[in-house]
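# Structural overview for review
Chain by chain, the residues run as shown.
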Amino acid sequence: MKLAPLNTVQNAHDDSIWAAAWVPPTDDSGLLLLTGSLDETVRLWNPNGPDKLQTNTGHCLGVVSVAAHPSGRIAASASIDSFIRVFDVATNNTIATLEAPPSEVWQLQFNPQGTTLAAAGGGSASVKLWDTAEWKLIATLEAPRPEGLKPSERSGSKKFALSVAWSPDGRQVASGAMDGTISVFDVPRAKFLHHLEGHCMPVRSLVYSSAPLDSRVLFSASDDGHVHVYDAERKTLITSLSGHSSWVLSVDVSPDGAAIATGSSDKSIRLWDLKMRAATQILTSHTDQVWAVAFGPTLQTDVRSCLLASVSDDKSVSFYKYS
């Protein structure tokens, strides 16, 4: 399987683009892409053009995360302004505005069932869970600090939560922190389970495997330049993938579960074959840090293929075909 470059939209935003998420197709619309930028906007793209469909305003500071509901009809964006905006994809009408005190939200993800929105809780190192029926805060999942830290390391920026991911069954949430630790929670019981250790620098991105037999497998991307593959239930590090020459800012897994893509501050995107445990392709479409890579769902016109999108500090959005 390989990535074939399709199109790149230059100056897709007016500032660095830090977030991207695919919106699943609906009866009324095909597959769409959301991007979020430090220019304070969220933009919606048709990848077939690629064409910009709309620009969503509403935040007063940079947008750091975007997420789409499994229905494809609503989406959410998180900003440094400490608000989460939930909006209707088709009309751009605001459905809910969720307030998170300063630095209390960084990355968003809807659970696979669409009933809950998780937000990595920034400065409190917690994960906040919001009910999507009434948009009420239903739980705050807090992780204890790993043993052995000095008192001075138990506070401040090292606690900052950066990333969040749902397990395929929606029963667990993982969150990555500035200190390199990954916390795993049992959602039905709102209980901390354990830490996954091995990274020594911030964990920017997390994703669970999409392969049915590997639903325990969790991939993590870190500023230490490594991608780790964990068994999230058994607390074991399966393997560590290295090759990027700088921070790994984003990781996502292909719908077939056979590959992952990573974006890095070394300006490259790498495609990794998980059986070979090696990078099989290096793409250099961007001229600056690649903040997000995102695989779309399997294409309706070609079930063996999907799209990959990447966004960068260079203000561009690139599209690729994975097949």
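Sequence positions are assigned chain by chain, starting from 1 and proceeding in written order. Selection of residues for local features in this predicted model requires a pLDDT of at least 70, selection of side-chain atom pairs for listing and counting requires 80 or more, and totals for whole chains, interfaces and linings are taken over all residues. As a rule here, side-chain values cover all heavy atoms of the structure and leave hydrogens and water aside.

### Concerning the nonpolar core
Of all hydrophobic cores here, the largest spans 17 residues; its most connected members are Ile84, Leu98, Leu108, Leu117 and Trp135. Helical segments are the DSSP runs of H or I of at least four residues, strand segments are the runs of E of at least two, and each set is numbered from the N terminus. Secondary-structure elements contributing two or more residues to this core are β6 (63-68), β7 (74-79), β8 (83-88), β9 (94-99), β10 (108-110) and β11 (116-120). We call two residues in contact when some of their heavy atoms are within 4.5 Å. Contacts of leucine 108, omitting those with residues within four sequence positions, involve Ser65, Ala67, Ala76, Ser77, Ala78, Ile84, Leu117, Ala118, Ala119 and Val164. The nonpolar core is taken to be a set of buried Ala, Val, Leu, Ile, Met, Phe, Trp, Tyr and Cys residues, with the residues joined through side-chain atoms within 4.5 Å. The classification of residues rests on relative accessible area computed with a 1.4 Å probe and restricted to protein chains. Under 20% of the type maximum is buried, over 50% is exposed, and intermediate values are partly exposed. Counting residues in each nonpolar core, the second largest holds 16 residues, with Ala12, Ile17, Ala292 and Ala309 among its members.

### Describing the sheet that holds strand β12 (residues 126-131)
In short, DSSP must find at least two bridges between two strands for them to pair. Overall, antiparallel pairing links the four strands, which are arranged β10-β11-β12-β13 in an open sheet. Every interior strand has two partners, whereas the edge strands, β10 and β13 (137-142), have only one. Pairs of neighbouring strands in the sheet enclose a mean axial angle of 20 degrees, with direction left out of account. The axes used here are C-alpha line fits, helices contributing only the stretch in contact, and every angle between their N-to-C directions lies in the interval 0 to 180 degrees.

### Quick notes on empty space enclosed by the protein
In this analysis the probe radius is 1.4 Å and the grid spacing 1 Å, with only protein atoms considered; a cavity is a set of points the probe fits into but cannot get out of, a pocket is an open set with protein on both sides within 12 Å along at least five of seven lines, and lining residues have an atom within 4 Å of a point. Grid points are joined across faces, edges and corners, and a volume is the space filled by probe spheres set on the points. Across all of its chains, the model carries one cavity of 30 Å³ or more by this definition. In terms of lining, the largest cavity is formed by Ala125, Ala143, Arg145, Lys159, Ala161, Ser175, Ala177, Ser183 and Phe185. Looking at the lining of the largest cavity, the elements that each hand over two or more residues are β15 (172-177) and β16 (182-186). The classification used treats Ala, Val, Leu, Ile, Met, Phe, Trp, Tyr, Cys and Pro as nonpolar, Asp, Glu, Lys and Arg as charged, and all other residues, Gly among them, as polar. Of the residues belonging to the lining of the largest cavity, the class tally is five nonpolar, two polar and two charged.

### Remarks on the UniProt feature "repeat: WD" (unreviewed entry) in the protein chain
UniProt positions are given in the numbering used here, feature names are shortened, and annotations may be inferred rather than shown by experiment. Those places that UniProt annotates as "repeat: WD" (unreviewed entry) correspond, in this numbering, to residues 10-55, 56-97, 154-195, 196-240 and 241-282. With 0% helix and 57% strand, the stretch residues 241-282 has end C-alpha atoms that lie 14 Å from each other.

### Here we look at the side chain of serine 222
Following the sequence through the fold, serine 222 ends up in strand β19 (residues 217-222). Residue serine 222 is classed as buried on the basis of its relative accessible area of 0%.

### A word on the pattern of salt bridges
Here a salt bridge means any side-chain nitrogen of Lys or Arg lying within 4 Å of a carboxyl oxygen belonging to Asp or Glu. Enumeration according to the criterion identifies eight salt bridges in this entry. Among the ionic pairs, arginine 43 bridges to aspartate 14, the shortest N-O distance being 3.9 Å. In this pair, arginine 43 is assigned in strand β4 (residues 42-46) and aspartate 14 in the loop between β1 (3-9) and β2 (17-23), connecting sequence segments 29 residues apart. On the basis of relative accessibility, which here comes to 9%, the residue arginine 43 falls in the buried class. Through salt bridges with shared partners, a single network forms among Arg216, Asp231 and Arg234.

### Focus: the environment of proline 188
Looking at where proline 188 falls in the secondary structure, it is placed in the loop between β16 and β17 (191-196). Proline 188 sits in the exposed class, given a relative accessible area of 52%.

### A word on the sheet that holds strand β3 (residues 32-37)
As summarised here, the arrangement of the four strands in space is β2-β3-β4-β5, forming an open sheet in which the pairing is antiparallel. Two strands in the sheet have a free side with no partner beyond their single neighbour: β2 and β5 (51-56). Taking each pair of neighbouring strands and ignoring which way they run, the sheet shows an average axis angle of 25 degrees. Pairing of β4 with β5, which is carried by five bridges, proceeds in the antiparallel orientation. Note on β5: the bridge partner recorded for leucine 44 is glutamine 54.

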